[in-house]
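A look at the structure
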Amino acid sequence: DTGVSQNPRHKITKRGQNVTFRCDPISEHNRLYWYRQTLGQGPEFLTYFQNEAQLEKSRLLSDRFSAERPKGSFSTLEIQRTEQGDSAMYLCASSWTGDSPLHFGNGTRLTVT
Amino acid sequence: AQTVTQSQPEMSVQEAETVTLSCTYDTSENNYYLFWYKQPPSRQMILVIRQEAYKQQNATENRFSVNFQKAAKSFSLKISDSQLGDTAMYFCAFMRMDSNYQLIWGAGTKLIIKP
């Protein structure tokens, strides 16, 4: 069990650019979640996958955001035409079943200048 | 809609002391889970303790224990014999036991353990 891995750890981009983050969950975990966390706040749910199926998306996930989990393994989160308000920590978590505890990655910190 | 409230933005105690972090929540559900997660500075979020709402017995994990008051919708975390490594943000979270199993998070309490 190598844990949940997220890359990159930090990303600085100019407003208007596209960015993509990757999450590798714990290998036997079926569920994969994306959260956004701003400084001093708890995580906010963005979306989750059961295997390769994206089952729910938060209204926070505007049409500039897209997430995929091809083959039910790793996942990517893409933000198009980034805005300064997108600056946050993006957390990925995985779990074996719906009610089992989440295992989090270290997150990707995005700074949009 | 469920909400989770952590009324203490920051707390500070001396090493070896006992500290209690408060959490209240609002729900009309009868079956759910409650969690405390810890997020050390610049490190990943890790699970501290979990409580199933149908269990009357309070969960305990080594120095960490909870006081779960279902009727009052209160879920406090007690840390005994606090250590410097306990310094972190602590988040209380609520999970509905439906098909989505989504977590609703509090805003967190910053806990500082002083030497």
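A brief structural summary.

Conventions adopted
Residues numbered from 1 in each chain as written. Chains lettered and ligands numbered in written order. Predicted model: local features only at pLDDT ≥ 70, side-chain atom pairs only at ≥ 80, totals over all residues. Heavy atoms only, no water. Helix = DSSP H or I, 4+ residues; strand = E, 2+ residues; numbered from the N terminus. Polar contact = N/O pair within 3.5 Å; in protein donor to acceptor, adjacent residues only side chain to side chain. Disulfide = S-S within 2.5 Å. Pairing = 2+ DSSP bridges. Axes fitted to C-alpha atoms, helices over the stretch in contact; angles between N-to-C directions. Contact = heavy atoms within 4.5 Å. Buried area = accessible area lost by both parts, 1.4 Å probe. Salt bridge = Lys/Arg side-chain N within 4 Å of Asp/Glu carboxyl O. Nonpolar A, V, L, I, M, F, W, Y, C, P; charged D, E, K, R; others polar. Buried < 20%, exposed > 50% of the residue type's maximum accessible area, 1.4 Å probe, protein only. Core = buried A, V, L, I, M, F, W, Y, C linked by side-chain atoms within 4.5 Å.

1. Some points on the side chain of R31 of chain A
- Locating R31 of chain A in the fold gives a position in strand β4 (residues 31–37).
- Looking at R31 of chain A, its side chain comes within polar contact range of the side chain of Y33 of chain A, at 3.4 Å.

2. Remarks on the state of the cysteines
Residue and element names in this part refer to chain A.
- Taken as a whole and judged by the stated rule, the model has two disulfides over all chains.
- With its sulfur 1.9 Å from that of its partner, C23 forms a disulfide with C92. Since a negative S-S torsion denotes a left-handed disulfide, the C23-C92 link at about -70° is left-handed. One end of the pair, C23, is in strand β3 (residues 19–24); the other, C92, is in strand β9 (residues 88–95), and 69 residues separate them in sequence.

3. Focus on the sheet that holds strand β1 (residues 5–7) of chain A
All names here are of chain A.
- Strand order in the open sheet formed by four strands is β1-β3-β8-β7, with antiparallel pairing between adjacent strands. On the outer flanks of this sheet lie β1 and β7 (65–68), each paired with one strand and no other. Taking the axes of each pair of neighbouring strands and ignoring which way they run, one obtains an average angle of 15° across the sheet.
- Both β3 and strand β8 (residues 75–79) contribute to a ladder of five bridges, which runs antiparallel.

4. Some remarks on the interface of chain B and chain A
- Contacts between the two partners involve 19 residues from chain B, matched on the other side by 21 residues from chain A.
- Approximately 1,600 Å² of surface area, both sides summed, lies buried where chain B meets chain A, with 48% of it carried by carbon and sulfur atoms.
- When the area that chain B buries against chain A is broken down by residue, the three leading residues are Q44, Q102 and W105 of chain B, summing to 28%.
- Seen at the junction of chain B and chain A, the total is zero salt bridges.
- Our count for the contact surface shared by chain B and chain A stands at four residue pairs in polar contact (both at pLDDT 80 or more).
- Among the secondary structure elements, those contributing two or more residues to the side of chain B that touches chain A are β5 (32–39), β6 (46–52), β10 (88–96) and β11 (103–105) of chain B.
- Among the residues making up the side of chain B that touches chain A, the classes are represented as 10 nonpolar, seven polar and two charged.

5. What about the pattern of salt bridges?
- All chains considered together, the criterion is met by eight salt bridges over all chains.
- Of the charged contacts, one joins D24 of chain A and R22 of chain A as a salt bridge, the two residues approaching to 2.7 Å between their closest N and O atoms.
- We classify R22 of chain A as partly exposed; its relative accessible area is 35%.
- Between E52 of chain B and R50 of chain B there is a salt bridge, with the nearest N and O atoms lying 3.5 Å from each other.
- Taken together, the shared-partner salt bridges in this structure form one network comprising R64, E83 and D86 of chain A.

6. Comments concerning the nonpolar core
Residues and elements named next belong to chain B.
- Among the nonpolar cores identified, the biggest contains 26 residues, and L21, Y25, W36, F75, L77, Y90 and L111 are the most heavily contacted of them.
- Contributing elements (two or more residues each) for this core: β2 (10–14), β3 (19–21), β5, β6, β8 (64–69), β9 (74–79), β10 and β12 (109–114).
- Those residues in contact with Y25, other than ones at most four positions away along the chain, are T3, V4, Y32, L34, F68, Q69, K70, K73, S74, F75 and F94.

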